[in-house]
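A structural walkthrough
So the chains spell out like this:
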Amino acid sequence: MIAPVPEIAVADIGGTHARFARARVDQAGRVALGEPVVLRTGDYPDLPSAWRAFLECEPGFAPAGASFALAGPVGEGPFKLTNADWSFDPDALPRELDVEDVTLLNDFAAIAHAVAGSRREDLAHLAGPQEPLPDHGTVTVIGPGTGLGIAHFRWHEGRALVQATEGSHIDFAPVCPLDDAILSDLRTRFDRVSVERVVSGAGIAHIQAAIAASEGRAPALGDDLAIWKAGMAGEDELAERAVDHFVATLGRIAGDYALAHGASAVVIAGGLGQRLQQHLCAPAFHKAFIAKGRYTKLMKAIPLSLVQHPQPGLLGAAFAHLAGKPVGKAVGKRR
């Protein structure tokens, strides 16, 4: 059981939005989040200026510590967000923010921390055995969105050891003629085609384009968001088929990572995953997940779940701070 700690501040910071909130832990080790304060990253030159704007929204709040989930590779020395100009110096942050302890970690590592600390009601069953998250072995966490997040954790003496990865940047491997067409098209645009080029929000346009080209058709929709909206609603035939192929590809890729990680369970995360819940519960997703030849029986024994918590990045940042061992780096002291 985690001992109660004073209230801390947590943040989930990406290239578009920076979400801040207060976090408190009760005597049972459960984290309660305050109402998030959402700021546009581009409206502020750096984290300290956004931090001050957050504190102005929370008068009288003097956090005992802070934990930041950052969309980018987190290192010991100065580093920056992948898709924004904010830079971070872990050694200087405690002084710049006037906070005693600062935890920094990769944003998808925070998601994995949230999964490890989640309650049963925070996870929705998708496929496979309907059972709670295992308390042993390794759990793979995958989140399609603007990009594709991949992390995993394993249980050791009752504690989740989280590992952030850059697994979304492995090579995309086609398994059918449509995948061949997708890969061929993407090769004309990029020097190298990673899984993230297909299994991400923008990937839906590449999938639809390949379907249309194979049939000599011109798609009615070109915008990613429009394709997603029409495809999930069944309002456009090409878009709907693109969504179906995306879901099957996500299932196949999730199965690949489960094999690579030796996973006892797989959890899908992210806003796009939540919006696709109905599709992920359909047979095609699980069929693609288990289609691993001689390992089909093994794959059928792996439960798949979906994160339902509305702010898993903030929740995971709080759990990571409590664990006292940030994934990626760094706890500093105010000077």
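Shown above is the structure to which this text applies.
Anyway, here's the lowdown on the structure attached to this text.

Conventions we followed
- Residues numbered from 1 in each chain as written.
- Predicted model: local features only at pLDDT ≥ 70, side-chain atom pairs only at ≥ 80, totals over all residues.
- Heavy atoms only, no water.
- Axes fitted to C-alpha atoms, helices over the stretch in contact; angles between N-to-C directions.
- Helix = DSSP H or I, 4+ residues; strand = E, 2+ residues; numbered from the N terminus.
- Parallel < 35°, antiparallel > 145°, perpendicular 65-115°, else oblique.
- Left-handed = near helix turned anticlockwise from the far one by under 90°.
- Contact = heavy atoms within 4.5 Å.
- Nonpolar A, V, L, I, M, F, W, Y, C, P; charged D, E, K, R; others polar.
- 1 Å grid on protein atoms, 1.4 Å probe; cavity = no way out; pocket = protein on both sides within 12 Å on 5 of 7 lines; lining within 4 Å.
- Points joined across faces, edges and corners; volume = space filled by probe spheres on them.
- Buried < 20%, exposed > 50% of the residue type's maximum accessible area, 1.4 Å probe, protein only.
- Polar contact = N/O pair within 3.5 Å; in protein donor to acceptor, adjacent residues only side chain to side chain.
- Pairing = 2+ DSSP bridges.
- Core = buried A, V, L, I, M, F, W, Y, C linked by side-chain atoms within 4.5 Å.

Right, let's talk about the packing of helix α4 (residues 177-187) against helix α5 (residues 203-214) for a bit. The contact between α4 and α5 brings their axes to 9 Å, and the two run at 110°. The orientation of α4 with respect to α5, classified from their angle, is roughly perpendicular. Along this stretch, α4 crosses α5, giving a crossing that reads as right-handed. Between α4, through L178, A181, I182 and L186, and α5, the contact on the second element is made entirely by H206, I207, A210 and I211. Counted by class, the contact of α4 with α5 contains seven nonpolar, one polar and no charged residues.

Right, let's get into empty space enclosed by the protein. Per the counting criterion, the structure on display carries one cavity of 30 Å³ or more. Put simply, the largest cavity is a space of about 50 Å³. What lines the largest cavity is simply I111, A114, V115, S118, D122, L123, V307, H309, P312 and L315. Only α3 (107-116) and α12 (312-323) provide two or more residues apiece to the lining of the largest cavity.

Our focus in this paragraph is α3. In an α-helix there are 3.6 residues to a turn, and that puts residues three or four apart on one side. For α3, the buried fraction is high: nine of the ten residues fall into the buried class. Of the residues making up α3, those classed as buried are F108, A109, A110, I111, A112, H113, A114, V115 and A116. By the N-cap criterion, in which a side-chain oxygen at the helix start approaches the backbone nitrogen of a residue two or three places on, α3 is capped by N106, the distance to F108 being 2.8 Å.

What the six strands build is an open sheet, ordered β9-β14-β13-β10-β11-β12; its pairing is mixed. Either end of the sheet is taken by a strand with one partner, and the two such strands are β9 (123-127) and β12 (159-164). The mean inter-strand angle of the sheet, taken between neighbouring strand axes irrespective of direction, is 30°. The sheet contact formed by strand β13 (residues 263-268) and strand β14 (residues 304-307) spans three bridges and is parallel. Paired with V267 across the two strands is S305, which belongs to β14. In the packing of α3 onto the sheet, the strands contacted are β10 (138-144), β11 (148-156), β12, β13 and β14, and the crossing angle to β11 comes to about 45°. Along the sheet face, helix α10 (residues 283-290) touches β9, β13 and β14 and points at about 125° away from the line of β14.

Burial analysis of β10 places seven of its seven residues in the buried class, the great majority of the element. The alternating pattern of β10 places T138, T140, I142 and P144 and V139, V141 and G143 on opposite faces, both of which are buried. As paired elements, β10 and β11 share seven bridges and run antiparallel to each other. What sits directly across from V139, in β11, is F153.

On to the nonpolar core, then. F246, V266, L280 and F289 are the most contacted members of the largest nonpolar core, which has 47 residues in total. The element best represented in this core is helix α7 (residues 237-261), accounting for eleven residues. The contacts of V266, once residues within four sequence positions are left out, are T140, A254, A258, F289, I302, P303, L304 and S305. Core analysis: the next-biggest nonpolar cluster, separate from the first, contains 34 residues, A69, A114, A160 and A320 among them.

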